[in-house]
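# Geometric and topological summary
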Amino acid sequence: APMSFKLIDAGQVHAALRYPDFIEALRLAFAGPHTMPPRQVLTLDPESGSHAAFAMLPCWNDEVIAQKAFTYFPENQPPAQTLHSQILLFDRRTGEPRALVDGVSVTCFRTAGVSALASRFLSREDSETLLLLGTGKLAPFLVRAHASVRPLKRILLWGRNPGRAEILKSAMSAELPEIAFETVTDLQNACGRADIVVAATGSPDILVHGAWIRPGTHTDFLGNHHADKRECDSELVTGSRVFVDNRANCFREAGEILVPVSEGVFSLDRVESELADLCRGDVSGRGDERETTLFKSVGCALGDLCGAVTAWKNC
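This one's a predicted model, so the numbers in the text were calculated from it and none came from an experiment.

Quick look at the overall build of the protein now. In terms of regular secondary structure, the protein is built from eleven helices and 15 strands. The C-alpha radius of gyration of the protein comes to 19 Å, within 12% of the 20 Å expected for a compact globule of 315 residues. Each of the three principal axes of the protein carries a C-alpha extent, and together these read 60 × 45 × 45 Å. Within the span of the protein, comprising 315 residues, buried residues form 51% of the whole.

Take the pairing of strand β5 (residues 64–72) next. Each regular strand shows side chains that alternate between the opposite faces of the sheet. Pairing analysis gives eight bridges linking strand β4 (residues 53–61) to β5, with the strands arranged antiparallel. The residue of β5 that forms the bridge with Leu57 is Lys68. Counting the residues between successive antiparallel strands, the hairpin from β4 to β5 contains two residues. Where β5 meets strand β6 (residues 83–91), nine bridges bridge the pair, whose relative direction is antiparallel. Of the residues in β6, the one forming a bridge with Thr71 is His84.

Next up on the list: unusual backbone geometry. A cis amide bond, omega 0°, links Tyr19 with the succeeding residue Pro20. Structurally, Pro20 can be placed in the loop between α1 (10–16) and α2 (21–31). Note that the residue after Pro78, namely Pro79, is joined by a cis bond; omega there is 10°. Turning to its location among the elements, Pro79 is positioned in the loop between β5 and β6.

Taken N-terminus to C-terminus, the directions of α2 and helix α11 (residues 301–314) make an angle of 125°; their axes are 10 Å apart at the nearest point. When the axes of α2 and α11 are compared, the pair comes out oblique. Read as a crossing pair, α2 and α11 show a hand that is right-handed. In this structure, α2 uses Phe22, Ala25, Leu26, Ala29 and Phe30 to contact α11, whose residues at the interface are Leu302, Gly303, Cys306, Gly307 and Thr310. Here the contact of α2 with α11 is built from residues that sort into seven nonpolar, three polar and no charged.

All right, on to the pairing of β4 then. Alternating residues of β4 divide into Ala53, Ala55, Leu57, Cys59 and Asn61, all buried, and Phe54, Met56, Pro58 and Trp60, none buried. Where strand β2 (residues 34–35) lies against β4, two bridges are found, and the strand directions are antiparallel. The partner of His34 across the bridge, within β4, is Asn61.

Because an α-helix packs 3.6 residues into every turn, residues spaced three or four apart end up facing the same way. The terminal C-alpha atoms of α11 lie 20 Å apart, and with 14 residues this matches the ideal 20 Å at 1.5 Å per residue to within 8%. When you tally the buried positions in α11, you get twelve out of 14 residues, the bulk of the element.

In this section: the sheet that holds strand β8 (residues 129–133). Pairing is parallel in the open sheet, where eight strands are placed in the order β10-β9-β8-β11-β12-β15-β13-β14. The open sheet terminates on both sides in strands that have one partner only, identified here as β10 (180–183) and β14 (271–274). For this sheet the average axis-to-axis angle between neighbouring strands, irrespective of direction, equals 20°. Pairing between β8 and strand β11 (residues 196–199): four bridges, direction parallel. Its bridge partner being in β11, Leu130 is matched across the sheet by Ile196.

Note on placement: Thr135 falls in the loop between β8 and α4 (139–147). Aside from chain neighbours lying at most four places away, what touches Thr135 is Trp158, Gly159, Arg164, Ala165 and Leu168.

Our focus in this paragraph is the side chain of Ser105. Tracing the backbone through its elements, the reader meets Ser105 in helix α3 (residues 103–122). Apart from residues lying up to four places away in sequence, Ser105 is in contact with Ala10, Val13 and His14.

Thresholds, definitions, all that
Residues numbered from 1 in each chain as written. Predicted model: local features only at pLDDT ≥ 70, side-chain atom pairs only at ≥ 80, totals over all residues. Heavy atoms only, no water. Helix = DSSP H or I, 4+ residues; strand = E, 2+ residues; numbered from the N terminus. Rg over C-alpha atoms; globule rule 2.2 N^0.38 Å. Buried < 20%, exposed > 50% of the residue type's maximum accessible area, 1.4 Å probe, protein only. Pairing = 2+ DSSP bridges. Axes fitted to C-alpha atoms, helices over the stretch in contact; angles between N-to-C directions. Parallel < 35°, antiparallel > 145°, perpendicular 65-115°, else oblique. Left-handed = near helix turned anticlockwise from the far one by under 90°. Contact = heavy atoms within 4.5 Å. Nonpolar A, V, L, I, M, F, W, Y, C, P; charged D, E, K, R; others polar. Expected span 1.5 Å × (residues − 1).

Set out below in structure tokens:
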């Protein structure tokens, strides 16, 4: 008899995925054999000046074939969402469809999970202070994920909208009372206090400067997906050991890397490795207490596959 097909909604995803267990599931997925063709982002109506887009992110491993599809309609007015996403899973052996999983929730879990997974390899094990830039829907996931892999005592929250940073502080303080949450407005000062800096903003302007970062800090940039924009300056990139989630996507979309290359101060071959190499143990992560590390991610389909499979197996 054919196996059942499951429809898995956001509530079921939230019930099924847990840090740090899901971070370990991501490590195993990235370490294992997988195929990840380049993702396709299609502008639906380029002549009109609209940015509405449809994207497809395929990926497969020994177990499943996954296809994440998402629509991006930035002109939508509230309460309509600007982004909708679903992940379709097929059995790798027989090709049978297995599940349709809410993609928006999986994307939040996997983006923060990948960020914390990189930190496991690249931040100092005794890191106590995290600076988080950004107050969007990813922010609580990033707090939970990073708090599950390092002994964080303080989390500094910065947002372009200070009111939203205060709301985030209240919510996360209630959820994680053992951590001291603090909102900050002076980014230079906050960078100087941080062991880990994570930027997840939609800012078109540089926010983090290399001169502000202490030796031994791990930095992570995941908010920007534009080849000509960036959340940090070239000085930070040239002064860091640089790692990416996926070369193919980052070398097309990550201004943090592409802008310094265009300036002639950095080259793509100076990117040390991608996340899968770290997870397989083919390259070593942090070497000593003094080096500055930088991780850049734009997201890749393997994280979506892993999140969808984890939800499917736990439902």
